[in-house]
Amino acid sequence: MVSRVRVWLNRTYAENVFFMDQLRRNPSDRAVEIHATHGDADSPVLAAADTADLEPEGLSPAGYVEYALAQCRRRGIDVFVPRLHQSAIVAHRAEFEAVGTALLAPPPEAVAVFQDKVIAYEAVQAVGVPVPPWWRVRDADELVAAVEELEAGGYKACFKPASGAGGVGFRVITRAPFSLTHLSGFPTPYVQLDLVVEALRRAEEPVDWLVMPRLEQPEVSVDCLTGPDNRVRLAIGRIKNGRRRGFTLQEQWLEPARLIAEGFGLHYLSNIQFRMFGETPVLMDVNTRPAGGLHQLSLCGVNVPWLAVQLALGEDPGEVAPPFLGQDYTVVSGPRPLRAVSIPQQRAEVEGPLLPALPTPPAVDPLETAQALPL
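Here the structure is a predicted model, which is why all the values come from computation and not from measurement.

**Student:** For this particular structure, what's the right way to read the environment of Phe324?
**Tutor:** Note that Phe324 resides in the loop between α11 (304-312) and β16 (329-330). Ignoring sequence-local partners within four residues, the contact set of Phe324 consists of Leu299, Cys300 and Gly301.

**Student:** For this particular structure, what's the right way to read the packing of helix α8 (residues 140-152) against helix α9 (residues 193-202)?
**Tutor:** Helices that pack against each other are described as a pair by the angle of their axes relative to one another and the distance between those axes. Viewed as axis vectors pointing N to C, α8 and α9 meet at an angle of 155°, and their least axial separation amounts to 9 Å. It follows that α8 is roughly antiparallel to α9 by the angle criterion. On α9, the residues touching Ala140, Asp141, Leu143, Val144 and Val147 of α8 are Leu193, Val196, Val197, Leu200 and Arg201. Broken down by class, the residue content of the contact of α8 with α9 amounts to eight nonpolar, no polar and two charged.

**Student:** Please explain the packing of aromatic side chains as it appears in this structure.
**Tutor:** Given two aromatic rings, one states the distance between the centres and the angle between the planes to describe the pair. All told, the structure shown has nine aromatic pairs when counted by the stated rule. Considering the side-chain rings of Phe80 and Phe96, the 5.9 Å spacing of their centres and the 45° angle between planes classify their relative orientation as tilted. With Phe80 in strand β4 (residues 79-81) and Phe96 in helix α5 (residues 93-98), this pair connects stretches of sequence that are 16 residues apart. Its relative accessible area of 0% is what places Phe96 among the buried residues.

**Student:** In this structure, what is going on with the pattern of salt bridges? I would like to understand it.
**Tutor:** Side chains that differ in sign of charge can pair as their charged atoms come close. Taken as a whole and judged by the stated rule, the model has 25 salt bridges. Ionic pairing is found between Glu57 and Arg11, a salt bridge with its closest N-O pair at 3.5 Å. A residue pair is termed long-range when its members are at least 10 positions apart, and Glu57 in the loop between β3 (51-54) and α3 (61-75) and Arg11 in the loop between β1 (5-10) and α1 (17-24) qualify at 46 residues. The partner of Arg202 in a salt bridge is Glu198, and the shortest N-O contact between them spans 2.9 Å. Of the two residues, Arg202 and Glu198 are both situated in helix α9; the distance of four residues between them amounts to about one turn of the helix.

About the criteria used
- Residues numbered from 1 in each chain as written.
- Predicted model: local features only at pLDDT ≥ 70, side-chain atom pairs only at ≥ 80, totals over all residues.
- Heavy atoms only, no water.
- Helix = DSSP H or I, 4+ residues; strand = E, 2+ residues; numbered from the N terminus.
- Contact = heavy atoms within 4.5 Å.
- Axes fitted to C-alpha atoms, helices over the stretch in contact; angles between N-to-C directions.
- Parallel < 35°, antiparallel > 145°, perpendicular 65-115°, else oblique.
- Nonpolar A, V, L, I, M, F, W, Y, C, P; charged D, E, K, R; others polar.
- Phe/Tyr/Trp six-rings, centres within 6.5 Å; stacked < 30°, edge-to-face > 60°.
- Buried < 20%, exposed > 50% of the residue type's maximum accessible area, 1.4 Å probe, protein only.
- Salt bridge = Lys/Arg side-chain N within 4 Å of Asp/Glu carboxyl O.

Shown next as structure tokens:
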């Protein structure tokens, strides 16, 4: 009898409830039990999991590693998919293996390269992947100089943190003076240069921003599944162009993504994003974790979360090609159940399970709740 597989996702994005659904509906018909932890008692991933714990707040990276090892021992975790403190966790891979847990994450060297966007751009440019022009800025004078150089070339300037994920801190520079026009309608990413300069001059500490031209659509996110041997098993591009989404296997996107995934050892699941700079596809960002929209590849007839778990368990699926490319689609929101009773915030010193085991929720098709509806 084939044993169950116990998978843990820590403090992950809400959209990964669909990652969890796909693991349960795996084509191998293997029993999968999912453990989830989060700092928010009302995170939908806690309700979607078979067992769940609230995470203690305020742990250092080293303290979190100890917490994670304890979770793996107590919960009998076979495969751990770390998001929070990924870099600290992968540095202790041997300790997790010693308690019987495989890490579904790249080695520490690969994670380190892509934590800082400047280091990442320099590294991928050295192996021949095009990147946009960029400036690292620390203060108001450096910002103004970078913006003026971009504007002189006919580009709109934008900035984002040199480290970070999920588009947090991304802004587009405008010179239009602040007026009531900016207070009508919905908020936008546009921010007035004079307001940013004023804020920087008042700041007590330097910032660490990357300034670059605003890149054009389409945005193509290439989801890669890469083995510990540095060989890509699967690569599919997800195209975003406004509301419209689709899929691509065009080599102008897949070839540089494979070069990055294989060249830097982005083992298991990674997401490599490109946009257009003029007529050239250029790298925008690299995520050393599963993308929130990974489940959308189910529209191409592949269950990538399960393929990744198989690979982590040493059950190599070999090279995988999608049987077809799904039709164009869009993304909408939908309801997702939460736990019936909200859980009070726990003190950091509380140890042991903080949530009781949950019954397995009924299967929910990702297309029924929303994330990927055909246009």
